[in-house]
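Architecture and fold: a report
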Amino acid sequence: MRSYRKPAAAGLGCLFALATAACSGQGDAAPAASEAPTSTTSPTATAAAGTSYAPYLSATEAAGTDAAGSPTAYNLAFVIADGDDCTPRWNGTHAIGDATVASRIAKLKEDGGRVRVSFGGASGKELAANCDSPAELAAAYGKALDAAGTTLADFDIEGDELSDSASIALRSKAIAQLQKERTGLEVSFTLPVMPSGLDEEGLALLGSANDNGVRVSTVNLMTMNYGSSYDEDMGGYALTSAKAAHTQLKKVFGTSDATAWQGLALTSMIGVNDVANETFTLEDAAEVRAFAEEKGIAWVSMWATARDRQCADGSDSAKAATDCSGVTQRAGAFGKAFAG
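Conventions adopted
- Residues numbered from 1 in each chain as written.
- Predicted model: local features only at pLDDT ≥ 70, side-chain atom pairs only at ≥ 80, totals over all residues.
- Heavy atoms only, no water.
- Helix = DSSP H or I, 4+ residues; strand = E, 2+ residues; numbered from the N terminus.
- Expected span 1.5 Å × (residues − 1).
- Buried < 20%, exposed > 50% of the residue type's maximum accessible area, 1.4 Å probe, protein only.
- Pairing = 2+ DSSP bridges.
- Phe/Tyr/Trp six-rings, centres within 6.5 Å; stacked < 30°, edge-to-face > 60°.
- Lys NZ or Arg CZ within 6 Å of the ring centre and 35° of its normal.

As for helix H4 (residues 165-181)
- Here H4 contains 17 residues, and its C-alpha end-to-end distance of 25 Å stays within 8% of the 24 Å for a straight helix at 1.5 Å per residue.
- Here H4 has its buried residues at Ser167, Ile168, Leu170, Arg171, Ser172, Ala174, Ile175, Ala176, Leu178 and Gln179.

Thoughts on unusual backbone geometry
- For the bond from Ala77 to Phe78, the omega torsion is -15 degrees, close enough to zero to count as cis.
- Relative to the assigned elements, Phe78 resides in strand S3 (residues 73-81).
- Backbone torsion omega between Trp303 and Ala304 reads -5 degrees, so that peptide bond is classified as cis.

Thoughts on the pairing of S3
- For S3, the buried fraction is high: 9 of the 9 residues fall into the buried class.
- Bridge count for strand S2 (residues 56-58) against S3 is 3 bridges, and the pairing is parallel. Residue Leu57 lies in a different strand from S3, and its bridge partner there is Leu76.
- Examined bridge by bridge, S3 and strand S6 (residues 114-120) share 6 bridges and lie parallel to one another. When the bridges of S6 are listed, Leu76 appears paired with Val117.
- Direction of pairing for S3 relative to strand S4 (residues 88-90): antiparallel, over a ladder of 3 bridges. By the bridge assignment for S4, Ala81 is matched with Pro88.
- The loop that links S3 with its antiparallel partner S4 comprises 6 residues; one of these, Gly83, has a positive phi angle of about 65 degrees.

Side note on the packing of aromatic side chains
- Summed over the entire model, instances satisfying the criterion amount to 13 aromatic pairs.
- Aromatic side chains Phe155 and Phe189 sit 5.8 Å apart centroid to centroid with 40 degrees between the ring planes, which places their arrangement in the tilted category. On the criterion of sequence distance, the pair formed by Phe155 in strand S7 (residues 152-156) and Phe189 in strand S8 (residues 186-192) is long-range, its members being 34 residues apart. The same class applies to Phe155 and to Phe189, which are both buried.
- The rings of Phe119, Tyr141, Phe155 and Phe189 are connected pair by pair, giving a single aromatic cluster.
- The ring of Trp299 carries Arg116 above its face, with NZ or CZ at 4.4 Å from the centroid.

Next comes the structure, spelled out in C-alpha cells:
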C-alpha cells in the first residue's frame, strides 16, 4: 500500500495462532506441505467474534473521516526506518515518542478502538532492511509497540523487500523473539495478492515465519492494484483473490475451511486505485463486507481513512489522490459500508 511518507510455501502449521490451539514444537523444522497437520481444535472466541472493521490511517495526521463506521481497530501507517539506521519513526519523519502522535493515538483509543502498529508499507525502508541482528530489530519493533501501547503488530511487506530473503529471515527471527518476550503479541502479515492468489514470494515469507516459530493471527490480503488487464469488477476481483488465497492456505495448513477463513483479512484501496482503470466503488465495499461476514473473515480494512471523502472539486478523478477517493460519495461512506 501507499505510504503517508511525503516527497508492494510449505509447512505453515503454526499460522493462524488465534484461530487454533497454540502450536507445539515451534522450534522444529516445519513439515512438508503433504505432511501439514490437520487441526482438530475449535476456533477460539476471538476468531468467532465476527468480522471487524479496521482501516488504515495516518499515524501523524488526523482526518475527519477516521472514525467513520466506528472501527474496532485502527492500523497506524507506517513505522519505517529513519534513513539507513535502525531507528523506528512514524512515516520516517516523526520520532516514536512524538507528543503529537501520542495524543493522536490516545484520541483513537478514547473513541473505542484498539490500535495496531503497521510496519513497512510501499515507501521508505522497513526496519528489517537496516537492523543488524534479531535482537536489535526486536527492540526497534518493541519501541513502536510500547509508544502506541498496543499488543497488535502488522507487517506490510511489498515491493523489493518481499524478495529480500535476508531481511525476511531477520524479521522472522526478530518477531519470534518479540513474541517470547510479549506472549500476548498478535501478528498479522499484509501481503499483495492477485485474483490467482498469493505469489511464491508471499508464501515464502509466511514459510519463513513458520520455520522460525512466529505465531501469526492473520494474513491480510491487499486486494488492489492488480494490473492494467484487471479493469472490471473490483469487488469481484477481491472475492476471487480471497477464495484463491483461502485455497492455498488451507492446503498448506491442512486445516478446515472455517479456520482458514478466520485467519484472513481483506484490505481494499477505496475509489480510484493506483493502476489506471481500477476503481473500487461503494457497491464493491458492500459486496466485500457481505462476503467477509458470510465466510467469517477476521477483519476488513481500507486504504485509507483520509481518502474516504469526495474530492474537493466534486468530480470523479482518473488519478489516485492521497486525500480523497476520486469517486462521488458522502464523507465516511466507505467506512460505514465496510463496517456493515
